[in-house]
Amino acid sequence: MRLALAILCTLAGGAQAETVVATQTIRPQQIISPDAVRIDQVTISGAYVSLDDVIGQESRYAIYPGRPLMIGSVGEPALVDRNQVVELIYARGGLRIIAEGRALDRGAEGERIRVMNSDSRTVLFGTISPDGSVLVTK
């Protein structure tokens, strides 16, 4: 029994965690493709461990070859760019107002950004919808 436990402990101690590492320079706002990353057999605390977590995501800042992709360095791709014309939607109860606006920030679905109503020049906050429109809150 002790021999089996010793062998099991030896095998478990030899295993290393995997870390996602960049294979090429990944620029800010670039969508990460499968050929831009690889798995290395190293342990780096706070780094992604699965390719599925990063492929198809957008880089938040530049990541250089050989560097690990740290948690928070990638996120959902942006649907709305800064200065993009967007549809502003205000809905409360039975009232629904739709207007044209301009995004003052860049963001992905579900993120809260600043927008400016094109007619009144009022700056508002809103949440980006899946279709790229912005649900406005005051």
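Let me sum up the structure you'll find in this document. Being a predicted model, the structure only gives us computed values, none of them experimental. (Residues numbered from 1 in each chain as written. Predicted model: local features only at pLDDT ≥ 70, side-chain atom pairs only at ≥ 80, totals over all residues. Heavy atoms only, no water.)

### Considering the overall build of the protein chain
What counts, and what does not: Labels follow the DSSP assignment, with helices taken as runs of H or I lasting at least four residues and strands as runs of E lasting at least two, numbered in each case from the N terminus. Classification of residues uses two cut-offs on accessible area relative to the type maximum, computed with a 1.4 Å probe and protein chains only: under 20% is buried, over 50% is exposed, and between them is partly exposed. Note on contacts: a residue pair is in contact if any heavy atoms of the two residues lie within 4.5 Å. Every accessible area reported is derived by Shrake-Rupley at a probe size of 1.4 Å, with residue values counting cover from the shown protein chains alone.
When helices and strands are counted, the protein chain shows one helix and nine strands. Secondary structure elements of the protein chain occur, N-terminal to C-terminal, as α-β-β-β-β-β-β-β-β-β. Across the 138 residues in the protein chain, those meeting the buried criterion constitute 30%. Taking as baseline every contact in the protein chain between residues at least 6 positions apart, the subset at least 24 positions apart corresponds to 41%. Accessible area for the protein chain stands at about 8800 Å²; split by element, carbon and sulfur atoms hold 54% of it.

### Considering the pairing of strand β6 (residues 95–103)
Our working rule: Two strands pair under a simple rule: DSSP has to find at least two bridges between them.
As paired elements, strand β5 (residues 85–92) and β6 share eight bridges and run antiparallel to each other. Opposite Ala 91, over in β6, you have Arg 96 as the bridge partner. The antiparallel pairing of β5 with β6 creates a hairpin that spans two residues between the two strands, and Gly 93 there sits at a positive phi of about 60°. Of the pairings in the sheet, the one linking β6 to strand β7 (residues 112–117) comprises three bridges and is antiparallel in character. Bridging from a neighbouring strand, Ala 103 pairs with Val 115 of β7.

### Description of the side chain of Ser 133
What counts here: We define a polar contact as two N or O atoms separated by no more than 3.5 Å, with the added condition that, inside protein, one atom must be a possible hydrogen donor and the other a possible acceptor, whereas residues neighbouring each other in sequence contribute only through side-chain atom pairs.
Relative to the helices and strands, Ser 133 resides in the loop between β8 (123–128) and β9 (134–137). One polar contact links Ser 133 to Asp 131, side chain to side chain, over a distance of 2.7 Å. With residues near it in sequence (within four places) discarded, Ser 133 still touches Glu 87, Ile 89, Thr 127 and Ile 128.

### What to know about the sheet that holds β6
Just so we agree on the cut-off: To obtain an axis, a line is fitted to C-alpha atoms, over the contacting stretch when the element is a helix, and the angle between two such axes runs from 0 to 180 degrees between their N-to-C directions.
Reading around the circumference, β5-β6-β7-β8-β9 is the order of the five strands in this closed barrel, with mixed pairing throughout. On average, each strand axis in the sheet is tilted by 50° relative to the strand beside it, whichever way the strands run.

### Examining the environment of Leu 124
Take Leu 124: it is sitting in strand β8. Sequence-wise, Leu 124 and Leu 104 are 20 residues apart; in three dimensions their C-alpha atoms are separated by 9.6 Å.

### Notes on the environment of Pro 34
Its place among the elements puts Pro 34 in the loop between β1 (19–22) and β2 (37–40). Along the primary structure Pro 34 and Asp 52 are separated by 18 residues, whereas in three dimensions their C-alpha atoms are 9.3 Å apart.

### Quick word on the nonpolar core
Note the following rule: By convention a nonpolar core is built from buried Ala, Val, Leu, Ile, Met, Phe, Trp, Tyr and Cys residues, the set being connected through side-chain atoms within 4.5 Å.
One finds Val 20, Ala 22, Ile 26, Ile 32, Ala 36, Val 37, Tyr 48, Val 54, Ile 63, Leu 69 and Val 74 forming the largest nonpolar core, which totals eleven residues. Those residues within four positions of Ile 32 in sequence are excluded, and the remaining contacts are Ile 26, Val 37, Val 54, Ile 55, Gly 56, Gln 57, Leu 69 and Val 74. Counting ten residues, the second largest nonpolar core, distinct from the first, contains Leu 88, Val 115, Leu 124 and Val 136.

### Remarks on the pattern of salt bridges
To keep things clear, this is the line we draw: In the sections that follow, a salt bridge refers to a side-chain nitrogen of Lys or Arg positioned within 4 Å of a carboxyl oxygen of Asp or Glu.
Counted under the stated rule, the structure contains six salt bridges. Note that Arg 106 and Asp 81 form a salt bridge whose closest N and O atoms lie 3.0 Å from each other. With Arg 106 in the loop between β6 and β7 and Asp 81 in the loop between β4 (74–75) and β5, this residue pair connects regions lying 25 residues apart in the sequence. With relative accessibility at 28%, the residue Arg 106 sits in the partly exposed group. Two residues, Arg 114 and Asp 105, come together in a salt bridge whose shortest N-O distance is 3.4 Å. Arg 114 gets classed as partly exposed once you look at its relative accessible area, which sits at 33%. Taken together, the shared-partner salt bridges connect Glu 58, Arg 60, Asp 81, Arg 106 and Glu 111 into one network.

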